[in-house]
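Working through the structure, step by step
In case you want the letters, here they are:
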Amino acid sequence: MSTSIAALDLNLLLMLHTVLSERSVARAAERLHVTPSAISNGLARLRSALGDPLVTRNGRGIVPTPRALALAPAIARGLRELELAIHEAPFEPAKCTRTFTLAVADAGQVTWVPGIAARMAAEMPNARLSVVGIASLVALGDLGSSQIDLHLGVATRGAGLHVEPLLDERTVLVAREGHPALGKRLSRRELGALRHVGVEMVPGKGFRDLVGAAYARADIPREVVMTVPSFTAAAAITAETDYVATLPESLVAMRGTRLGVRAINAPLPAHTVKLALCWHERTHADPAAQCFRGLVRRAVLATRQA
């Protein structure tokens, strides 16, 4: 007789498992905190569904049928796996083998990801890290529908999102070595005459708009002659032209010499970007995701303090 699992009351399988373990209807009822008649009624329903007597009486006890003996190991295994899944063992970072996906701009990949990688190697040595750019976050969808575990960058707002302020990142205006703007303090007029490379990681939104708003508040003109999708690209172009670019201070401090750019001394409008950790409700209570967020938090703050 064929019975669909969807049509079967799975509580009856737990009941059968207990009866077979105890070899007694009375002891099974006591263990499950029900009456013996409830056990008998359940066995009758299961017999009807499976087309087999399952157990027969033998004196004061019961004897399983061959069908019941064949079912017993599978039922026991399934119940054991469910029990383990429901009562999850304490999370152990060193044994975690998950792959975590972090979305961060290229400046963060240079300044923070090496520290994050070092901490993962020490604290979660069997886990894996996948780093994607901010554009990938947009392309893959929001944090709720994508496989991205954590976004490190400008705070993102949306339904089901958790946002943890992390640090303030100052920006600096840079130019190539030998640029006429270096070596002196620029006037507001000279600053307004510079031509800029804008960073637009996601078309139509993001860092370029933040910088432009700061210049507008200070009533200083800002001519953007080209845009690129990353800070390192902006630095590379600036190093080969008379254009200037606004970059994160931490990137310039760590890689400015290698990138071939230096900070300009100018009456720049105050511009600080507030950075945060952002994640979705779907991973909020997950122990592995909580551990990963803590690791990223400590790594980034340690980089800032170094």
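Please read all numbers here as calculations on a predicted model, not as lab measurements.

Quick word on the side chain of T101
In this fold, T101 is placed in strand β3 (residues 99-104). Take T101: its relative accessible area is 14%, and that puts it in the buried class. If near-sequence neighbours (up to four positions away) are discounted, T101 is found in contact with S130, V132, Q147, I148, D149 and L150.

Considering the packing of aromatic side chains
Summed over all chains, the structure comprises 1 aromatic pair. For the ring pair F100 and F292, a centre distance of 4.7 Å and an interplane angle of 10° mean the geometry is stacked. Placement of F100 in strand β3 and of F292 in helix α13 (residues 287-305) is noted, with a sequence separation of 192 residues between them. Looking at F100, the relative accessible area reads 0%, which means it is buried. Owing to a relative accessible area of 1%, F292 belongs among the buried residues under this scheme. Lying across the ring of Y215, R222 places its NZ or CZ 5.6 Å from the centre.

Brief notes about the UniProt feature "domain: HTH lysR-type" (unreviewed entry) in the protein
Here, UniProt's "domain: HTH lysR-type" (unreviewed entry) annotation points to residues 8-65. Secondary structure within residues 8-65 divides into 60% helix and 14% strand; the distance between the first and last C-alpha atoms comes to 20 Å.

Thoughts on the packing of helix α1 (residues 11-22) against helix α2 (residues 25-32)
At a minimum axis separation of 8 Å, α1 and α2 run at an interaxial angle of 125°. By the angle between their directions, the pair α1 and α2 is classed as oblique. Note on packing geometry: the crossing formed by α1 with α2 is right-handed. From α1, L14, M15, T18, V19, S21 and E22 reach across to α2, where they touch R27, A28, R31 and L32. A class-by-class count of the residues in the contact of α1 with α2 yields 5 nonpolar, 2 polar and 3 charged.

Observations concerning the pairing of strand β9 (residues 244-248)
Counting buried positions along β9 gives 5 out of 5 residues, so the element sits mostly inside the fold. Across 4 bridges, the pairing between strand β6 (residues 161-176) and β9 is antiparallel. Bridge pairing in β9 links V172 to L247. Pairing analysis gives 2 bridges linking strand β7 (residues 195-199) to β9, with the strands arranged parallel. Of the residues in β9, the one forming a bridge with V197 is A245.

Digging into the pattern of salt bridges
This model, assessed by the stated rule, comprises 14 salt bridges. Between K95 and E92 there is a salt bridge, with its nearest N and O atoms 3.5 Å apart. Here E92 falls in the partly exposed class, since its relative accessible area comes to 42%. A salt bridge links R262 to E177, with the shortest nitrogen-to-oxygen separation between them at 3.5 Å. Note that R262 is positioned in strand β10 (residues 261-263) and E177 in the loop between β6 and α8 (188-192), a separation of 85 residues in sequence. Taken together, the shared-partner salt bridges connect E22, R27 and R31 into one network.

The rules we used
Residues numbered from 1 in each chain as written. Predicted model: local features only at pLDDT ≥ 70, side-chain atom pairs only at ≥ 80, totals over all residues. Heavy atoms only, no water. Helix = DSSP H or I, 4+ residues; strand = E, 2+ residues; numbered from the N terminus. Buried < 20%, exposed > 50% of the residue type's maximum accessible area, 1.4 Å probe, protein only. Contact = heavy atoms within 4.5 Å. Phe/Tyr/Trp six-rings, centres within 6.5 Å; stacked < 30°, edge-to-face > 60°. Lys NZ or Arg CZ within 6 Å of the ring centre and 35° of its normal. UniProt positions renumbered as here; feature names shortened; annotations may be inferred. Axes fitted to C-alpha atoms, helices over the stretch in contact; angles between N-to-C directions. Parallel < 35°, antiparallel > 145°, perpendicular 65-115°, else oblique. Left-handed = near helix turned anticlockwise from the far one by under 90°. Nonpolar A, V, L, I, M, F, W, Y, C, P; charged D, E, K, R; others polar. Pairing = 2+ DSSP bridges. Salt bridge = Lys/Arg side-chain N within 4 Å of Asp/Glu carboxyl O.

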